[in-house]
Amino acid sequence: MSDDQPLLTERRGETDGILWITLNRPEKLNALTFPLLRELRDILFDARFDRSVRCIVITGAGRGFCAGMDFSGAANPDPDPKPEGLTPQMQDIEGYRLNFRHETETYIALRRMEVPILASVNGPCVGAGFDLASHCDLAVVSTAARFQVAYVKRGLYPDLGGFWSLPRVLGWRKAMEMMMTGRFMSAEEAHEAGFSNYLVEPEELESKTMALALELEAGPPIGQKVGKLLAIRTAHMDFDTAMQWSESVIPLVGLSQDAVEGREAFREKREAKFRGF
């Protein structure tokens, strides 16, 4: 594996409904670059309109999940030309903001995905990589993994949304500890804090991830998507308002053919076969 293909994608599962995405810069612990992020953004954008995609798995090649952003010049050239008249002594604030958008738009695309997203964390998960994993809906984690909010060690903060996701995933106090100290957290500690659904030995990671992905693939896509939408959109609503949202969308789910299939399968004491309509 090499930088020639910084991202690898394949379709897996009983119906090819699992989109398996591998960050493929193992010699750099899969550190992110602008070209890689643009490619990932395009993949996610296309997947959002592909109803055959039933779930997404994100993992890393080699011994790491993702070591954050790669800021070395050769790997991560400035994607936008400097404006005329800008000298090296000047601070290009607008250029900084627009360059950052190459990163944020990818993470926004990830959060916009309606299907379940599963992080398969095989090793070090640091900085922007920790943010990436925290934005996924589920996680299977290897005991070889370690986690760090590396930003604070460089005078920064988890700017790719970790400030938003980590308190929700880890709980306020643990997230604040990680965000304020930048210390490493073991896989066992992360699991205890609620970061992962399953903690497994390294040799079991892919099989456990695949087993969970197959469960997601077999589920009812409309019900899964609406459930995820409501969980996100009603998180800060009062209960009455949240239930009004549920009243509004229940016909979309309850009158679907998948709901009919679910009821018939229950009566017939068999596994339902959901098709997403």
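Residues numbered from 1 in each chain as written. Predicted model: local features only at pLDDT ≥ 70, side-chain atom pairs only at ≥ 80, totals over all residues. Heavy atoms only, no water.

**Overview of a negative patch on the surface**
Taken together, the side chains of Glu188, Glu201, Glu203 and Glu204 make up a negatively charged region of the molecular surface. Mapped onto the secondary structure, glutamate 201 falls in the loop between β9 (198-200) and α7 (205-218). Using a relative accessible area of 39% as the deciding quantity, one classes glutamate 201 as partly exposed. (Patch = residues over 30% accessible without salt bridge, like charges linked within 9 Å, V, L, I, M, F, W, Y side chains within 5 Å. Areas by Shrake-Rupley, 256 points an atom, 1.4 Å probe, with all protein chains shown as cover. Salt bridge = Lys/Arg side-chain N within 4 Å of Asp/Glu carboxyl O. Lys, Arg positive; Asp, Glu negative; His and termini not counted. Charge placed at Lys NZ, Arg CZ, Asp CG, Glu CD. Helix = DSSP H or I, 4+ residues; strand = E, 2+ residues; numbered from the N terminus. Buried < 20%, exposed > 50% of the residue type's maximum accessible area, 1.4 Å probe, protein only.)

**Let's talk about the pairing of strand β2 (residues 18-23)**
Taking burial as the measure, the six residues of β2 include six buried ones, the bulk of the element. Residues of β2 alternate between two faces, with Ile18, Trp20 and Thr22 on one and Leu19, Ile21 and Leu23 on the opposite face, all of them buried. By the bridge criterion, six bridges tie strand β1 (residues 7-12) to β2 in an arrangement that is antiparallel. Bridging across to β2, arginine 11 finds its partner in leucine 19. The hairpin formed by β1 and β2 contains five residues between the paired strands, and glycine 13 there has a positive phi angle of roughly 105°. Where β2 meets strand β3 (residues 55-60), six bridges bridge the pair, whose relative direction is parallel. Residue leucine 23 lies in a different strand from β3, and its bridge partner there is glycine 60. As a crossover connection, the stretch from β2 through helix α1 (residues 34-48) into β3 is right-handed. (Pairing = 2+ DSSP bridges. Right-handed = clockwise from strand over helix to strand, strands pointing away.)

**As for unusual backbone geometry**
Non-glycine residue leucine 29 carries a positive phi angle of around 55°. Mapped onto the fold, leucine 29 is located in the loop between β2 and α1. The phi angle at asparagine 30 is positive, at roughly 60°, despite the residue not being glycine. Inspection of the secondary structure puts asparagine 30 in the loop between β2 and α1.

**Thoughts on helix α9 (residues 239-254)**
Look at α9: 21 Å from first C-alpha to last across 16 residues, which is about the 22 Å you get at 1.5 Å a residue. Residue serine 248 marks the point of greatest curvature in α9, where the axis turns by about 40°; the proline proline 251 follows within four residues. Sitting at the head of α9, aspartate 238 places a side-chain oxygen 3.2 Å from the backbone nitrogen of aspartate 240. (Expected span 1.5 Å × (residues − 1). Bend = angle between axes of the 7 residues up to and from the residue. Polar contact = N/O pair within 3.5 Å; in protein donor to acceptor, adjacent residues only side chain to side chain.)

**Details of the sheet that holds strand β5 (residues 125-126)**
The sheet built from three strands is open, its strands ordered β5-β7-β8 with mixed pairing. The outermost strands of the open sheet, each flanked by one partner alone, are β5 and β8 (185-186). Alignment of strand β7 (residues 146-148) against β8, held across two bridges, turns out to be antiparallel. Bridged to arginine 146 within β8 is serine 186.

**Re the sheet that holds strand β4 (residues 117-121)**
Strand order in this open sheet of six strands is β1-β2-β3-β4-β6-β9, and the pairing throughout is mixed. Sheet topology places β1 and β9 at the edges, where each strand pairs with a single neighbour. Going from strand to strand, the sheet's axes swing by 20° on average, the running direction of each strand aside. In terms of strand pairing, β4 meets strand β6 (residues 138-142) through four bridges, oriented parallel. For alanine 119, the partnering residue across the bridge sits in β6 and is alanine 139. Sheet contacts for α1: β1, β2 and β3; angle to β2, the most-contacted strand, approximately 175°. (Axes fitted to C-alpha atoms, helices over the stretch in contact; angles between N-to-C directions. Contact = heavy atoms within 4.5 Å.)

**Some thoughts on the packing of aromatic side chains**
Evaluation of the coordinates by the stated rule reveals five aromatic pairs. Summarising the aromatic geometry, the rings of phenylalanine 45 and phenylalanine 49 are spaced 5.1 Å apart at their centres and angled 50° between planes, so their arrangement reads as tilted. Put simply, the rings of Phe130, Phe147 and Phe195 touch in pairs and so form one group of aromatic residues. The aromatic ring of phenylalanine 184 is capped on one face by arginine 146, whose charged end is 3.9 Å from the ring centroid. (Phe/Tyr/Trp six-rings, centres within 6.5 Å; stacked < 30°, edge-to-face > 60°. Lys NZ or Arg CZ within 6 Å of the ring centre and 35° of its normal.)

**Focus on a nonpolar patch on the surface**
A contiguous nonpolar patch, built from Leu156, Tyr157, Phe163 and Trp164 and spanning about 410 Å² of accessible area, is present on the exposed surface. As for its position among the elements, leucine 156 is in the loop between β7 and α4 (162-170). Accessibility expressed as a relative area gives 42% for leucine 156, which makes it partly exposed.

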